[in-house]
Amino acid sequence: MLLLTLPGGAALAAALATQLQCSWSPLVVHRFPDGEQLVRIGCDVQGQRVVLVGSLHQPDAKVLSLLFAADAARELGALSVGLLCPYLAYMRQDMRFQPGDAISSKTFARVLSQAVDFLITVDPHLHRWHDLSQIYSIRTRVVPAAEAIAQWIRGHIESPVLVGPDSESRQWVEQVAALAQAPFFVLNKTRHGDRDVTLDAAPRLLLGSHTPVLVDDIISSGATVLAAGQALREAGSRPPVCIGVHALFAPELQAELLQAGYTQVVTCDTVPHATNGISMAGPLATALLEMNSG
């Protein structure tokens, strides 16, 4: 097995290579003055099972590199080409919200399905799509972050109560709560705009003697978690902790969350960020070993 790293994927590839005892190599990506790019594979892929490694946050700057590298690897004799992307982009546009909208999750799935033989990711945003097989025609594997998050909570938070900021977060919060052996509840959210969100009041009975731990899959603009923090404060809670799977943070959001009263902000290392504190390398290595032997 040979790991080829997409832009930003070197740290993850190195961790995976150590666990799997395989080689890894960064792709060489050169951008010309006209904006086009040249992708070069700097090692021999003949007869190798190649896996492209790297998260697809900020995907528009990365996807062409991925497609060029996958095609080049096949032409240079790779036995297979897989993709391990802890964060899978374009999953939230899963319906036509306004007339004329592109359902980009379907389009993106078709593109990747033509480029690689399999896909491994961590907790994709599955809401209206209930399984990746509904839109991907290749083999897929979803690696859940729940056990790693629950383990972190057990080791760092005394008497936690898990909080989901909205109904879409229930699937993650309920699973983490069961693994952490902690109670949980889910807030009701009303979204008025990208950064305008209101949440109902938190159940006061659970907040008196517990530390609230807000858990969400994607944190981007931060509007939801900031509103959740306000709802918890208004309910008289202890200072909360914020945990996210994918840190798609807007600039300065980490500082805003701490200023808003969160004592800690911790994320999985699916998207490189200063808040990364929960490693997914072990579960991803196991999934890759299983998937690449198929």
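Being a predicted model, the structure only gives us computed values, none of them experimental.

**Student:** How should the side chain of serine 65 be read in this particular structure?
**Tutor:** With respect to the helices and strands, the residue serine 65 is situated in helix α2 (residues 63–75). Accessibility expressed as a relative area gives 1% for serine 65, which makes it buried. Ignoring any residue separated from it by four or fewer positions in sequence, one finds serine 65 in contact with Leu27, Val29, Gln37 and Val39.

**Student:** How should I be thinking about the pattern of salt bridges in this particular structure?
**Tutor:** Overall, the coordinates contain 4 salt bridges when judged by the stated rule. In this structure, arginine 74 engages aspartate 117 in a salt bridge whose closest nitrogen and oxygen atoms are separated by 3.2 Å. With arginine 74 in helix α2 and aspartate 117 in the loop between α3 (104–115) and β7 (118–122), this residue pair connects regions lying 43 residues apart in the sequence. Relative accessible area serves as the criterion here: at 29%, aspartate 117 is assigned to the partly exposed category. Across the pair arginine 154 and glutamate 147 runs a salt bridge whose closest N-O atoms are separated by 3.2 Å. For arginine 154, a relative accessible area of 41% corresponds to the partly exposed category.

**Student:** What is the right way to look at the pairing of strand β9 (residues 160–164) in this model?
**Tutor:** If a strand is regular, its side chains alternate between the two faces of the sheet. Summarising burial for β9: 5 of the 5 residues are buried, a large majority. Going residue by residue along β9, you find Pro160, Leu162 and Gly164 tucked away on one face and Val161 and Val163 tucked away on the opposite face as well. Summarising the sheet, β9 and strand β13 (residues 211–219) pair through 4 bridges and their orientation is parallel. Counterpart to leucine 162 in the pairing with β13 is valine 213. Of the strand pairs in this sheet, β9 and strand β10 (residues 184–186) are connected by 3 bridges, and their pairing is parallel. Looking at the pairing, glycine 164 lines up with valine 186 of β10. With helix α5 (residues 170–180) bridging β9 and the parallel β10, this β-α-β connection has right-handed handedness.

**Student:** What am I meant to see in the pairing of strand β4 (residues 37–40) here?
**Tutor:** With burial as the criterion, only one face of β4 is covered, namely that bearing Gln37 and Val39; the residues Leu38 and Arg40 on the opposite face remain uncovered. One ladder, built from 4 bridges, connects strand β3 (residues 28–31) with β4; its direction is antiparallel. Paired with histidine 30 across the two strands is leucine 38, which belongs to β4. Counting the residues in the hairpin turn of β3 and β4 gives 5 residues, including glycine 35, whose phi is positive at 95°.

**Student:** How should I be thinking about the packing of α2 against α3 in this particular structure?
**Tutor:** Each pair of packed helices gets described by two things: the angle between the helix axes and the distance between those axes. It is at 9 Å that the axes of α2 and α3 come closest, and there the two elements cross at 25°. Considering the angle they form, α2 stands roughly parallel to α3. Contact residues: Val63, Leu66, Leu67, Ala70 and Arg74 in α2; Phe108, Val111, Leu112 and Ala115 in α3. Per-class residue counts for the contact of α2 with α3 are 8 nonpolar, no polar and 1 charged.

**Student:** Where do I start with the sheet that holds strand β1 (residues 2–5) in this structure?
**Tutor:** What links the strands of a sheet is backbone hydrogen bonding, and the strands pair in either a parallel or an antiparallel sense. Read from one edge to the other, the open sheet built from 6 strands follows the order β2-β1-β5-β6-β7-β8, with strand pairing classed as parallel. Of all strands in the sheet, those bounded by a partner on one side alone are β2 (23–26) and β8 (139–143). Pairwise comparison of adjacent strand axes, ignoring direction, gives a mean angle of 20° for this sheet. Note that β7 and β8 share 5 bridges and pair parallel. Note on β8: the bridge partner recorded for valine 122 is valine 143. On the sheet, helix α8 (residues 281–292) packs against β1, β5 (49–53), β6 (80–84), β7 and β8 and is oriented at approximately 165° with respect to β7.

**Student:** I keep staring at the confidence of the model for the protein and nothing clicks. Help me out?
**Tutor:** Should pLDDT be low for a region, the predicted coordinates there are not to be read in detail. Of all residues in the protein, 93% have pLDDT values of 70 or greater, and the mean over the chain is 90. Across the protein, β7 holds the top mean pLDDT of 98, while strand β12 (residues 196–199) sits lowest at 48.

**Student:** Explain α5 to me, please; I cannot follow it from the model alone.
**Tutor:** In an α-helix, one turn spans 3.6 residues; hence positions three or four apart end up facing the same way. Of the positions making up α5, those classed as buried are Trp172, Val173, Val176, Ala177 and Ala180. Down the axis, α5 shows its buried residues gathered within 125° of arc, on one side only. Those residues of α5 that are buried lie in contact with α4 (146–156), β9, β10 and β13. Positive backbone phi, approximately 55°, marks glutamine 181, located one or two places after α5.

Conventions adopted
- Residues numbered from 1 in each chain as written.
- Predicted model: local features only at pLDDT ≥ 70, side-chain atom pairs only at ≥ 80, totals over all residues.
- Heavy atoms only, no water.
- Helix = DSSP H or I, 4+ residues; strand = E, 2+ residues; numbered from the N terminus.
- Buried < 20%, exposed > 50% of the residue type's maximum accessible area, 1.4 Å probe, protein only.
- Contact = heavy atoms within 4.5 Å.
- Salt bridge = Lys/Arg side-chain N within 4 Å of Asp/Glu carboxyl O.
- Pairing = 2+ DSSP bridges.
- Right-handed = clockwise from strand over helix to strand, strands pointing away.
- Axes fitted to C-alpha atoms, helices over the stretch in contact; angles between N-to-C directions.
- Parallel < 35°, antiparallel > 145°, perpendicular 65-115°, else oblique.
- Nonpolar A, V, L, I, M, F, W, Y, C, P; charged D, E, K, R; others polar.
- pLDDT = per-residue confidence, 0-100.
- Arc of directions from axis to C-beta.

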